[in-house]
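Chain by chain, the residues run as shown.
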Amino acid sequence: MAEVESPLLPDSAVNVTLNDTEAAAAGTARFVATPEGSAVAYGSLVVMALLPIFFGALRSVTCAKSKNSSDMPETITSRDAARFPIIASCTLFGLYLFFKIFSQEYINLLLSLYFFVLGILALSHTLSPAMNKVIPANLPNKQYQLLFTQGTGETKEEIVNYEFDTKDLVCLVFSSVVGVWYLLKKHWIANNLFGLAFALNGVELLHLNNVSTGCILLGGLFIYDVFWVFGTNVMVTVAKSFEAPIKLVFPQDILEKGLAANNFAMLGLGDIVIPGIFIALLLRFDVSLKKNSRTYFYTSFLAYIFGLGLTIYVMHTFKHAQPALLYLVPACIGFPVLVALVKGELTEMFRYEEKAALCDKEPLDEATDDLKENKKEQ
């Protein structure tokens, strides 16, 4: 049978369509996309991949001033980066064993419920800034707090402390509608809304502390991706079995069937978020230089486009699944390093250390810190 190339499930390119199982059961040949359909699908995936990287990087520059723990950036250290490929490998292999031992239907049901909750929160957080601009400022905006604690008295510990307002509540309602739509129909548009929200939040809230850590993380996942795609069938098996919005999809037969199309090309969120957090770091490095330019950000952003395009080209040329990070990692690291070398800023790039918080302190916070320092001196 002819094979359809559908790239980049969880962290790699995988030759699989969502209706392969149905086609095999029916004894029919797999769908073969037209050149136009493939071009539209892959072009759409590239555009969708660029959106969360671009806007997530811009949003990562400004620290969230909210007290919500979900809004605070999570800093990835070199130790975390070194362990991440090992943890990812154990998780991937664990999922592989689960799908081999237990019923795929029940596992995917639990995963759907889990990502239903996460998707609502992620999409709500993504839409919140836009909602602040859409809703008129003169409308009443009440404040709410969801607080869940453990223990009493001095042993009292906060488990959940989520503060939100009326505008956030509107976002939550809209996100819940999308969540129910995804849970009931598993429609590809609902899947993409959640997937884009996950990717944007990942790029925005996962911060690398320096370029060296970024190189360790990308280098480790480079090996991880190549091994699990070329060395075993684990990645492909999990990708075929896993039903969750951890991928962006776009139908290759949309020109023939419209929104009812069901033969998808796919792009795993790992191939967006992992390079994306490195690109976001380079944007923050650009800001730290205070030269009013975004040289390294635009260089790495264009390098990502080149790497993703090269992945698709090689996959179609050789008719074989390709691990996307095989091409994205050298491009996203190599091009900015080359530019830094030419500009004589390579040492400065690798010496750049990101602070725990990028945004300036409020005047009240600065006054409080000064008062504490004066007390210590006295």
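Residues numbered from 1 in each chain as written. Predicted model: local features only at pLDDT ≥ 70, side-chain atom pairs only at ≥ 80, totals over all residues. Heavy atoms only, no water.

Some words on the nonpolar core
Where we set the bar: Nonpolar core, defined: a set of buried Ala, Val, Leu, Ile, Met, Phe, Trp, Tyr and Cys residues in which side-chain atoms within 4.5 Å join the residues together. Only protein chains enter the calculation, and the probe is 1.4 Å; a residue is then buried if its accessible area is under 20% of its type maximum, exposed if over 50%, and partly exposed in between. Helix and strand definitions here come from DSSP, where helices need a minimum of 4 consecutive H or I residues and strands a minimum of 2 consecutive E residues; each element is numbered from the N-terminal end.
Membership of the largest hydrophobic core comes to 84 residues, with the highest contact counts inside it found for Leu45, Phe242, Ile272 and Tyr304. By residue number, the principal contributor to this core is helix α10 (residues 270-289), which donates twelve residues.

Observations concerning α10
Put simply, the rule is: Multiplying 1.5 Å by the residue count of a helix minus one yields the expected span of that helix. Here the bend at a residue means the angle between the axes of two seven-residue stretches, the one that ends at it and the one that starts at it.
End to end, α10 covers 29 Å across 20 residues, agreeing with the expected 28 Å (1.5 Å per residue, within 8%). A bend of about 25° at glycine 276 is the largest found in α10. Taking burial as the measure, the 20 residues of α10 include 18 buried ones, the bulk of the element. Just downstream of α10, lysine 290 is the residue with a positive phi angle, here 55°.

What to know about the pattern of salt bridges
Stated precisely, the cut-off is as follows: Any carboxyl oxygen of Asp or Glu that lies within 4 Å of a side-chain nitrogen of Lys or Arg is treated as forming a salt bridge with it.
Throughout the structure, instances matching the rule amount to six salt bridges. With its nearest N and O atoms 3.2 Å apart, the salt bridge here joins aspartate 80 to arginine 83. Remark: arginine 83 and aspartate 80 occur in helix α3 (residues 78-101); sequence separation between them is three residues, near one turn of the helix. Residue classification places aspartate 80 among the partly exposed residues on the basis of a relative accessible area of 29%. Relative accessible area serves as the criterion here: at 40%, arginine 83 is assigned to the partly exposed category.

Looking at the packing of α10 against helix α11 (residues 295-318)
The relative placement of two packed helices comes down to the angle between their axes together with the axis-to-axis distance. The condition is simple: Only the stretch in contact is used when a helix axis is fitted, and all axes are lines through C-alpha atoms; the angle between N-to-C directions ranges over 0 to 180 degrees. When describing relative orientation, an angle under 35 degrees is termed roughly parallel and one over 145 degrees roughly antiparallel, while 65 to 115 degrees is termed roughly perpendicular and anything else oblique. In what follows, residue pairs with any heavy atoms lying within 4.5 Å of each other are defined as contacts. In this count, Pro and Cys sit with the nonpolar residues alongside Ala, Val, Leu, Ile, Met, Phe, Trp and Tyr, while Asp, Glu, Lys and Arg are called charged and the others, Gly among them, polar.
Axis separation between α10 and α11 bottoms out at 7 Å; the angle between their running directions is 160°. The angle between α10 and α11 places the two elements in the roughly antiparallel class. Taken together, the residues of α11 that come into contact with α10 (itself represented by Asp271, Ile272, Pro275, Ile279, Leu282, Leu283, Phe285, Asp286 and Leu289) are Thr295, Tyr296, Phe297, Ser300, Phe301 and Tyr304. In the contact of α10 with α11, the residues fall into eleven nonpolar, two polar and two charged.

Details of the environment of isoleucine 223
Within the fold, isoleucine 223 resides in helix α7 (residues 211-231). With 100 residues separating them in the primary sequence, isoleucine 223 and proline 323 have C-alpha atoms 9.9 Å apart.

Regarding the packing of α3 against α7
Put simply, the rule reads: Crossings are assigned a handedness: left-handed for a near helix turned anticlockwise from the far helix by less than a right angle, right-handed for a clockwise turn.
Two elements in contact, α3 and α7, have axes whose closest approach is 7 Å; the angle formed by their N-to-C orientations is 20°. It follows from the interaxial angle that α3 and α7 lie roughly parallel. The way α3 lies across α7 gives a crossing that is right-handed. For the pair α3 and α7, contact is made by Ser78, Ala81, Ala82, Phe84, Pro85, Ala88, Ser89, Leu92 and Phe93 and by Thr213, Ile216, Leu217, Gly220, Leu221, Tyr224 and Trp228, respectively.

Things to note about the side chain of serine 124
Assignment of secondary structure puts serine 124 in helix α4 (residues 104-134). Residue serine 124 is classed as buried on the basis of its relative accessible area of 2%.

Some words on the confidence of the model for the protein chain
Residues shown with low pLDDT carry predicted positions that ought not to be read at fine detail. Let me state the cut-off plainly: Values of pLDDT, ranging from 0 to 100, describe the predictor's confidence in every residue of the model.
Taken over all residues, the pLDDT of the protein chain has a mean of 81, while the share at 70 or more is 83%. Mean pLDDT across the elements of the protein chain bottoms out in strand β1 (residues 6-9) (38) and peaks in helix α12 (residues 325-343) (95). Here residues 356-378 is a poorly scored stretch, pLDDT under 50, and it has eleven contacts once near neighbours within four places are set aside; other chains count.

Description of a nonpolar patch on the surface
Keep this limit in mind: Think of a patch as exposed residues, more than 30% relative accessible area, with no salt bridge, where like charges cluster within 9 Å and nonpolar side chains (Val, Leu, Ile, Met, Phe, Trp, Tyr) cluster within 5 Å. Residue-level accessible areas treat just the shown protein chains as cover; the underlying method is Shrake-Rupley with a 1.4 Å probe.
A surface patch of nonpolar side chains, amounting to about 510 Å² of accessible area, comprises Phe93, Leu97, Phe98, Ile101 and Phe102. For phenylalanine 93, the location among the structural elements is in helix α3.

Things to note about the packing of aromatic side chains
What characterises a pair of aromatic rings is the spacing of the ring centres plus the angle enclosed by the ring planes. For the record, the criterion: In this scheme Phe, Tyr and Trp rings, the latter by its six-membered ring, pair at centre separations within 6.5 Å, and the angle between planes marks the pair as stacked below 30 degrees, edge-to-face above 60, and tilted otherwise.
In this structure the tally under the stated criterion is 18 aromatic pairs. Pairing phenylalanine 115 with phenylalanine 198 gives two aromatic rings, centres 6.0 Å apart and planes at 75°, and the pair type is edge-to-face. Taken together, the positions of phenylalanine 115 in helix α4 and phenylalanine 198 in helix α6 (residues 188-205) put the pair 83 residues apart, joining distant regions of the chain. Taking the centre distance of 5.8 Å and the plane angle of 45° together, the rings of phenylalanine 306 and phenylalanine 335 count as tilted. In this pair, phenylalanine 306 is assigned in helix α11 and phenylalanine 335 in helix α12, connecting sequence segments 29 residues apart. Given a relative accessible area of 46%, phenylalanine 306 falls into the partly exposed group. The class for phenylalanine 335 is partly exposed, based on a relative accessible area of 38%. Site record: aromatic cluster; members linked through ring pairs are Phe54, Phe55, Phe297, Tyr298 and Phe301.

Some thoughts on the pairing of strand β5 (residues 157-165)
Spelled out, the test is: Paired strands, as defined in this entry, are two strands with at least two bridges between them according to DSSP.
Bridging between strand β4 (residues 143-150) and β5 involves eight bridges; their strand directions are antiparallel. Across the sheet, residue leucine 147 finds its bridge partner in β5, namely asparagine 161. Joining the antiparallel neighbours β4 and β5 is a turn of six residues, in which glycine 151 adopts a positive phi near 85°.

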